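Observations on the three-dimensional arrangement
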Amino acid sequence: MNSRVEQPGSASTGDILKYAAAVLLAVAGVVAFYWFDGQWPAALRIGAVVAGVLAGVGVFMLTPKGAQTREFLAEARFELRKVVWPTRQEATRMTWVVMIVVVIIALILMGFDTIIRWVIRLLLG
């Protein structure tokens, strides 16, 4: 009988090392950005940050949590295909409705503010 039972949801030592490596790669990119300030051009320093983050994401995707993330993103993409998006005309119409309502609410609040200011001036003399 195996005396070592792994709990569901627990990460193995290898997974923990991969998580640590992913974080360290992302941090290394940010450290390189500041470490080489003045020595490298800004575009190259930004490239170091992007490379570090992408390498960290790549290592993370090799873990079980990365597999769950890929599965979630695939399912989200599948669900987005089911969405009935509004037409351009509907989107424009709703945008105008929102802008008009915002202006109306702003005018109402301005009226309340004016009345409250007038009452305070009346009370305080």
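Residues numbered from 1 in each chain as written. Predicted model: local features only at pLDDT ≥ 70, side-chain atom pairs only at ≥ 80, totals over all residues. Heavy atoms only, no water.

The next point concerns the overall build of the protein chain. For the protein chain, the count of helices and strands is four helices and zero strands. From first element to last, N terminus to C terminus, the protein chain shows the α and β order α-α-α-α. At 28 Å, the protein chain has a C-alpha radius of gyration far larger than the 14 Å of a compact globule built from 125 residues. By principal-axis analysis of the C-alpha atoms, the protein chain measures approximately 85 × 50 × 40 Å. Counting only residues that meet the buried cut, the protein chain has 9% of its 125 residues in that class. Across the protein chain, contacts joining residues at least 24 apart in sequence account for 50% of those joining residues at least 6 apart. (Helix = DSSP H or I, 4+ residues; strand = E, 2+ residues; numbered from the N terminus. Rg over C-alpha atoms; globule rule 2.2 N^0.38 Å. Buried < 20%, exposed > 50% of the residue type's maximum accessible area, 1.4 Å probe, protein only. Contact = heavy atoms within 4.5 Å.)

The next subject is the confidence of the model for the protein chain. When pLDDT is averaged along the protein chain, the result is 91; 93% of the residues meet or exceed 70. Averaged over each element, pLDDT in the protein chain is lowest for helix α1 (residues 13-35) (93) and highest for helix α4 (residues 88-124) (97). (pLDDT = per-residue confidence, 0-100.)

Attention now goes to the pattern of salt bridges. All chains considered together, the criterion is met by three salt bridges. Of the charged contacts, one joins aspartate 37 and arginine 45 as a salt bridge, the two residues approaching to 3.4 Å between their closest N and O atoms. Of the charged contacts in the structure, one is a salt bridge between aspartate 113 and arginine 117, with a shortest N-O distance of 3.2 Å. You can see aspartate 113 and its partner arginine 117 sitting in helix α4, four residues apart, about one turn around the helix. In this structure aspartate 113 comes out as partly exposed when scored by relative accessible area, which is 43%. (Salt bridge = Lys/Arg side-chain N within 4 Å of Asp/Glu carboxyl O.)

Our next topic: the packing of α1 against helix α2 (residues 42-60). Two quantities define a packed helix pair, namely the angle between the helix axes and the distance between the axes. The interhelical angle for the contact between α1 and α2, taken along N-to-C directions, is 175°, at an axis separation of 7 Å. Classified by the angle between their axes, α1 and α2 sit roughly antiparallel to one another. Two secondary-structure elements touch here, α1 through Lys18, Tyr19, Ala21, Ala22, Leu25, Ala26, Gly29, Val30, Ala32 and Phe33 and α2 through Arg45, Ile46, Ala48, Val49, Gly52, Val53, Ala55, Gly56, Val59 and Phe60. A class-by-class count of the residues in the contact of α1 with α2 yields 15 nonpolar, three polar and two charged. (Axes fitted to C-alpha atoms, helices over the stretch in contact; angles between N-to-C directions. Parallel < 35°, antiparallel > 145°, perpendicular 65-115°, else oblique. Nonpolar A, V, L, I, M, F, W, Y, C, P; charged D, E, K, R; others polar.)

Let us now look at the packing of aromatic side chains. As enumerated under the stated definition, the model contains three aromatic pairs in all. Residues tyrosine 19 and phenylalanine 60 carry aromatic rings whose centres are separated by 6.2 Å and whose planes lie at 35° to one another, so their mutual orientation is tilted. With a gap of 41 residues between them, tyrosine 19 in helix α1 and phenylalanine 60 in helix α2 connect regions that are remote in the sequence. The ring of phenylalanine 33 is capped by arginine 45, whose NZ or CZ atom sits 4.1 Å from the centre of that ring. (Phe/Tyr/Trp six-rings, centres within 6.5 Å; stacked < 30°, edge-to-face > 60°. Lys NZ or Arg CZ within 6 Å of the ring centre and 35° of its normal.)

This part is about the side chain of aspartate 15. Residue placement: aspartate 15 occurs in helix α1. No salt bridge is formed by the buried aspartate 15; its nearest oppositely charged neighbour, lysine 18, is found at 4.4 Å. Apart from the residues lying within four places of it in its own chain, the contact partners of aspartate 15 are Thr63 and Pro64. (Lys, Arg positive; Asp, Glu negative; His and termini not counted.)

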